[in-house]
Amino acid sequence: MPPRDAFFARTEDVPVERAVGRVCAEQVTPYPPGIPVLLPGERVSEEIVDYLTSGVRAGMVLPNPTLGTLRVVA
């Protein structure tokens, strides 16, 4: 999905585990390294969810520090 369409689409926040296979509607940029892992319009993969959840446990900083939910296209 084009990034603009995903960003302005109707969205919902879902538990991160249920976001796999859905289209992301927000930018997710962990620090370090400060490089976006997800952009609006990209499909959320299991590998990305594993990377983010293990990174948060190791001290990686996210705008949503608990990584409880991700905003996806409804």
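Residues numbered from 1 in each chain as written. Predicted model: local features only at pLDDT ≥ 70, side-chain atom pairs only at ≥ 80, totals over all residues. Heavy atoms only, no water.

A. Up close: unusual backbone geometry. The linkage connecting Tyr31 with the following residue, Pro32, adopts the cis geometry, with an omega of -10 degrees. For the bond from Pro32 to Pro33, the omega torsion is 15 degrees, close enough to zero to count as cis. As for its position among the elements, Pro33 is in the loop between β1 (11–15) and α2 (46–57). (Helix = DSSP H or I, 4+ residues; strand = E, 2+ residues; numbered from the N terminus.)

B. Geometry of the side chain of Glu26. Positionally, Glu26 belongs in the loop between β1 and α2. Here Glu26 is buried and forms no salt bridge, its nearest opposite-charge partner Arg71 lying at an N-O distance of 4.0 Å. Within the structure, Glu26 has its side chain in polar contact with the backbone nitrogen of Arg71 (distance 2.9 Å). Ignoring sequence-local partners within four residues, the contact set of Glu26 consists of Leu38, Leu39, Pro40, Leu70 and Arg71. (Buried < 20%, exposed > 50% of the residue type's maximum accessible area, 1.4 Å probe, protein only. Lys, Arg positive; Asp, Glu negative; His and termini not counted. Salt bridge = Lys/Arg side-chain N within 4 Å of Asp/Glu carboxyl O. Polar contact = N/O pair within 3.5 Å; in protein donor to acceptor, adjacent residues only side chain to side chain. Contact = heavy atoms within 4.5 Å.)

C. Focus on the environment of Cys24. If you trace the backbone, Cys24 turns up in the loop between β1 and α2. Between the C-alpha atoms of Cys24 and Glu42, which are 18 residues apart in sequence, the distance is 5.5 Å. Not counting chain neighbours up to four residues away, the residues in contact with Cys24 comprise Ala6, Leu38, Leu39, Pro40, Gly41, Glu42, Val44, Arg71, Val72 and Val73.

The values are spatial; any link to function lies outside them.
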